[in-house]
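Here are the chains, one letter per residue:
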Amino acid sequence: MVCRTRLFVTHRPGRRGVRRGGHRHRPRPLPARPPPDRMTDTTMNETHLTEAMSLRRKPARPTTVRSTYRLQLRPDALTFTEARAIAEYLQQLGISHLYLSPILTAARGSTHGYDVTDPTTVAAALGGPLGLKALADEVRSRGMGLIVDLVPNHVGVADPRQNPWWWDVLRNGKESAFAHYFDIDWSPGNGAGGRLALPVLQGENDPAALTVDRSGPEPMLALHDLRFPIAPGTDGDNALRIHDKQHYRLVSWKAGVCTYRRFFAVSSLAAIRQEDPEVFDITHRELAAWCEHDLIDGVRIDHPDGLSYPATYLARLRRIIGPHRLLLVEKILANREPLDATLPVDGTTGYDALADVGGVLIDPAGEQTLTELSRRFAGHGSDRAWIGETEHRIKRAVAENLLAPEIRRLVAAIKRDAGAESFDTMALTNATIEVLAFMPVYRVDYAPLAGMTGAVIAEVEKRNSELTAPLSVLVAALAAEGETAMRFSQVCGAITAKSVEDTMFYQAARLVSLQEVGGNPARFGHSLNEFHLANSERAQRWPATMTTLSTHDTKRGEDVRARIGVLSQVAETWARAVESWHETLPSPDGATSLFLLQNMFGVWPADGRPASSVPGLRERLHMFAEKAIREAGVHTSWEEPDSEFESAVHAWLDAVIDGPVGIEIGDLVHELAPHAWSDALAQKLLQLCGPGIPDIYQGCELWEDSLVDPDNRRPVDFAARAGLLQSLTGTPALDTTGAAKMWIVAYALWLRRERPDCFVGGSYLPLFASGEHAGRLVAYARGRVGSEPEVLVAATRHSVGLGESGWGDTTLDLPEGNWTDRLTGHTFQGRARLEKLFARLPVALLVR
């Protein structure tokens, strides 16, 4: 059995709180249901958007973006029609704008839309231009709006037949009218004899499987399910001989040869050249139409760091969308990296805020114990020293293997730009990789990072003086401000993403909730002062930036991270439990089990049910485990799967789920559930009322247990959520239903609608408690700039430590006036005792 201390529930739903000397107010009821949109259009035929727009007058522009709700559109579950159907629910929830995943034509069956195959059309599978127009009309009629997700860096080429541009390039080579759309190396020394290398062969026998498919209007080379065009005049009887005459060459994906720029190392996503005005114009034609006809109120730009010149691209984009529409970039900022204030954007998609909000709830007291636990099980502490060394090592390995084609092309550019064609290629490659491996940011050519490249090169030279000569060649090439500088920045981001998020974050095992996109697991949480200063700067510098807790790319959903974060408060208990479980059920690998146990703890049912009884949970855990151990790349990998190790991990996982270890995990989850819920509500309210525009990822208005994609892209039961919202009439209990979370989300969003000037562009005032447990409160006030605060947000942190004593003498001095908690109806004034403030819920939303 697990030896652990008794943990107490801090917040009891049945207790009633009162203000100092006062009465209690009932929270306001839900707003009346707004009338549905009766305007329908059955006369339009499917046509291009610009034609469809002229058939109906433009509705009035909605109010400023106050909040967004991310929808993962997919043809099989959530099209424009389904989005229209839930608009009423999202309006009642308080959302101002629907934030749509990519809506241009993507690969058939795509469940995410980032593999766009035709950037010139709205996806017919989602409802086409008329479906988009109908959705825009629907939300406009409700005073809401749309934000769209744009993918400018790459297009999908997994099935060449679905991408007409790519198909034409394969057929006609450099003479194709679309050849300049793609970033292709046609040079004789490109590793494919000057041809376009396609890394699609799975094994040595694949070339023998090539045949000619003559079933359609044109002959095609066939490789299993794939089809490739045959250039005019090159047809014949022998498939291999035909292949040898093409402008492309099919190669093994293990050969390290790829002659076109990709999205990271994903060969099925080919980068396009937005720096070419023709490419920019045609890929933004639909966006321009949406803006011209006032369909959208903002744009989210996917992966701008992959572009040749992000700043130039964003400036052109701003001219298209105008000065008032929201422009957000998926920019992952490194530790303490500022967002470039010279960019014409309103902010990021919110990973920086995610790290701040989650970090302030981590208890630093657990750092040493969890570090030692990691050392015992993983052989390292996942601490700052290990993070730095491991990041450098993995970056070198990624550059030398996965991104070898990109490195070869970069080195060739360095030689040309530096006029050093005869310089030793191996030495120059080694020096370039070493500099890239020490780069602490995704991309170094943003204005605030001026001088960083020089500093890194100086450090590399200091470490290894033998690299002085090749570093001089690199410096000369970078100074030329040509192709080298562009490719250096592009490759830098790809190496960082593949090394840190996609590899190291699956190897570190100290506290996995810290291993999130844009996070820094070397920092074990944030202090209150750090949190408040970050919020204050956000309010002043980036008032309309997006903030988020969950996205389609997060490694774990917000409530899973919150529950795992509680382990920092009970580090000794967790360490003893892990040691006991390892004795009961030895695992195939200590680091793997420590990593997976935390994630299992994060998603285990909190209602006492065994995990084996939850539909689909076992399968989801197995899928996550397989992805995690392959991404980690220590014992197995996507490139070289070790079936023996993977089978052992799957067997261990089943033994955990079905055996005594699973029972004890369930007991611990049940015991800590109130504290996990406390942290989940705290981070949600802190995000919703903090500086910036909060985004709610689909379904996250209730408890959610998502792991990494594709788990976090599962369809959402909106009917159940709409029904629950309608049924809420009083402060819900803090329980497994998640009703308390929806209650908080709705009241926070309604307040943003009621007093918008207090939030986007409003003031931010840190508040601090007094007394024994002052450090367990995080609170701030919002208001109109230049006026007294009108809204006060208070949330519990480190709640486990309150189990024995409660809040005791801890108080919060409220600004002058009478303050009513919108969540409970209780009113307060003057010096509020926190045991009263948090009598019903671990958070409070006070309004003057």
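We now turn to the structure provided with this report.

Definitions and limits used
- Residues numbered from 1 in each chain as written.
- Predicted model: local features only at pLDDT ≥ 70, side-chain atom pairs only at ≥ 80, totals over all residues.
- Heavy atoms only, no water.
- Core = buried A, V, L, I, M, F, W, Y, C linked by side-chain atoms within 4.5 Å.
- Buried < 20%, exposed > 50% of the residue type's maximum accessible area, 1.4 Å probe, protein only.
- Helix = DSSP H or I, 4+ residues; strand = E, 2+ residues; numbered from the N terminus.
- Contact = heavy atoms within 4.5 Å.
- Axes fitted to C-alpha atoms, helices over the stretch in contact; angles between N-to-C directions.
- Parallel < 35°, antiparallel > 145°, perpendicular 65-115°, else oblique.
- Left-handed = near helix turned anticlockwise from the far one by under 90°.
- Nonpolar A, V, L, I, M, F, W, Y, C, P; charged D, E, K, R; others polar.
- Pairing = 2+ DSSP bridges.
- Polar contact = N/O pair within 3.5 Å; in protein donor to acceptor, adjacent residues only side chain to side chain.

1. A few points about the nonpolar core
Okay, so step 1: With 156 residues, the main nonpolar core has Leu 71, Leu 93, Trp 290, Trp 574 and Leu 845 as its most contacted residues.
Okay, so step 2: If you tally residues by element for this core, the top one is helix H24 (residues 660-689), at 15 residues.
Okay, so step 3: Among all residues touching Leu 71, those that are not within four sequence positions of it are Leu 78, Ala 83, Ile 86, Leu 98, Tyr 99, Leu 100, Ser 101, Gln 698 and Phe 718.
Okay, so step 4: Counting residues in each nonpolar core, the second largest holds 48 residues, with Trp 386, Ile 387, Tyr 442 and Leu 474 among its members.

2. Overview of the packing of helix H10 (residues 351-359) against helix H18 (residues 528-541)
Okay, so step 1: Running from amino to carboxyl end, H10 crosses H18 at an angle of 150 degrees, the nearest separation of the two axes being 9 Å. Put simply, H10 runs roughly antiparallel to H18. In the packing of H10 onto H18, the handedness of the crossing is left-handed. In this structure, H10 contributes Asp 352, Ala 353, Asp 356 and Val 357 to the contact, and H18 contributes Phe 531, Ala 534 and Arg 538.
Okay, so step 2: Taken together, the residues that form the contact of H10 with H18 break down as four nonpolar, no polar and three charged.

3. Quick look at the sheet that holds strand E17 (residues 546-547)
Okay, so step 1: The strand order across the open sheet built from eight strands is E16-E15-E14-E5-E2-E1-E18-E17, with neighbouring strands paired in parallel fashion. Every other strand in the sheet has two partners, leaving strand E16 (347-348) and E17 as the edge strands with one partner each.
Okay, so step 2: With four bridges joining them, strand E5 (residues 145-150) and strand E14 (residues 298-301) adopt parallel strand pairing. Bridged to Val 148 within E14 is Val 299.
Okay, so step 3: Against the sheet, helix H4 (residues 128-141) touches strand E2 (97-100) and E5, its axis set at about 140 degrees to E5.
Okay, so step 4: Helix-sheet contacts for helix H9 (residues 310-321) involve E5, E14 and strand E15 (326-329), and the interaxial angle to E15 is about 155 degrees.

4. Concerning the side chain of Thr 79
Okay, so step 1: Take Thr 79: it is sitting in the loop between strand E1 (68-71) and helix H2 (80-85).
Okay, so step 2: Take Thr 79: its relative accessible area is 10%, and that puts it in the buried class.
Okay, so step 3: Among the polar contacts listed, one links the side chain of Thr 79 to the side chain of Glu 82, at a separation of 2.2 Å.
Okay, so step 4: The contacts of Thr 79, once residues within four sequence positions are left out, are Leu 73, Arg 74, Ala 125 and Leu 126.

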